[in-house]
Amino acid sequence: QVQLVESGGGLVQAGGSLRLSCAASGRTFTFSSYAMGWFRQAPGKERKFVAAINWSGGTTYYADSVKGRFTIARDNAKNTVYLQMNSLKPEDTAVYYCAAKRGLWSIEVRRFDYWGQGTQVTVSS
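All values derive from a computational prediction rather than experimental measurement.

A. The arrangement of the state of the cysteines in detail. In total, this model carries one disulfide according to the counting rule given. Each disulfide pairs two cysteine sulfurs, and for Cys-22 the partner residue is Cys-98, the sulfurs being separated by 1.9 Å. Here Cys-22, found in strand E3 (residues 18–25), pairs with Cys-98, found in strand E9 (residues 94–102); they are 76 residues apart in sequence, far enough to count as distant.

B. Representation of the pairing of strand E8 (residues 80–85) within the structure. For E8, a buried count of five out of six residues is recorded, marking the element as mostly surrounded by other parts of the structure. Sheet topology note: the E3/E8 ladder contains six bridges and is antiparallel. Considered in E8, the bridge of Leu-18 is made with Met-85. Across six bridges, strand E7 (residues 70–75) lies against E8 in antiparallel orientation. What sits directly across from Arg-74, in E8, is Val-81. Hairpin connection between E7 and E8: a loop of four residues separates the two successive antiparallel strands, and Asn-79 in this loop has a positive phi of roughly 55°.

C. Focus on the side chain of Glu-6. The topology assignment puts Glu-6 in strand E1 (residues 3–7). Although buried, Glu-6 forms no salt bridge, and the nearest oppositely charged side chain, Arg-47, lies 7.3 Å from it. Engagement of the side chain of Glu-6 in a polar contact is seen with the backbone nitrogen of Cys-98, the distance being 2.8 Å. Here the side chain of Glu-6 touches Gly-118 through a polar contact of 2.9 Å, landing on its backbone nitrogen. Leaving out residues up to four positions away in the same chain, Glu-6 has contacts with Ser-21, Cys-22, Trp-38, Tyr-96, Tyr-97, Cys-98, Gly-116, Gln-117, Gly-118 and Thr-119.

D. Spotlight on the packing of aromatic side chains. Going through the model one piece at a time under the given rule, you end up with 10 aromatic pairs. Here the aromatic rings of Tyr-34 and Tyr-114 are separated by 6.1 Å at their centres, their planes lie at 50°, and the arrangement is tilted. Of this pair, Tyr-34 sits in strand E4 (residues 34–41) while Tyr-114 sits in strand E10 (residues 114–115); the two residues are 80 residues apart in sequence, bridging distant segments of the chain. Residue classification places Tyr-114 among the partly exposed positions, given a relative accessible area of 24%. Following the ring pairs from residue to residue traces out a cluster consisting of Phe-39, Phe-49, Tyr-61, Trp-105, Phe-112 and Trp-115. The aromatic ring of Tyr-82 is capped on one face by Arg-19, whose charged end is 4.0 Å from the ring centroid. Positioned above the aromatic ring of Trp-115, the side-chain terminus of Arg-47 is 4.9 Å from the ring centre.

Quick notes on the rules
- Residues numbered from 1 in each chain as written.
- Predicted model: local features only at pLDDT ≥ 70, side-chain atom pairs only at ≥ 80, totals over all residues.
- Heavy atoms only, no water.
- Disulfide = S-S within 2.5 Å.
- Helix = DSSP H or I, 4+ residues; strand = E, 2+ residues; numbered from the N terminus.
- Buried < 20%, exposed > 50% of the residue type's maximum accessible area, 1.4 Å probe, protein only.
- Pairing = 2+ DSSP bridges.
- Lys, Arg positive; Asp, Glu negative; His and termini not counted.
- Salt bridge = Lys/Arg side-chain N within 4 Å of Asp/Glu carboxyl O.
- Polar contact = N/O pair within 3.5 Å; in protein donor to acceptor, adjacent residues only side chain to side chain.
- Contact = heavy atoms within 4.5 Å.
- Phe/Tyr/Trp six-rings, centres within 6.5 Å; stacked < 30°, edge-to-face > 60°.
- Lys NZ or Arg CZ within 6 Å of the ring centre and 35° of its normal.

Here it is as structure tokens:
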């Protein structure tokens, strides 16, 4: 069984920063074999791609809406993926989910194998 546990969400003013973490665990789960992604879902809307990183951390990809403001990174020794969010805007308000995918990274929700429970990020204007 694989567990992904997000943390670091909260309430922040517009222009502020937050750093999300996602810790992965599982008896047979080899973190470094998985691409990782961050997605977000606002109330009443579909879950959308935010950022992805390949197994080694050498390749990253971002949604246009967050490019230049968010940074995804991973520490394979700690089985953890991070999302540094700077210059936050009210439209970034959502529940943020991390996800794991075997093999190559993707931007599609349906291609990810495991999901965390989400962490709320609220940006006030």
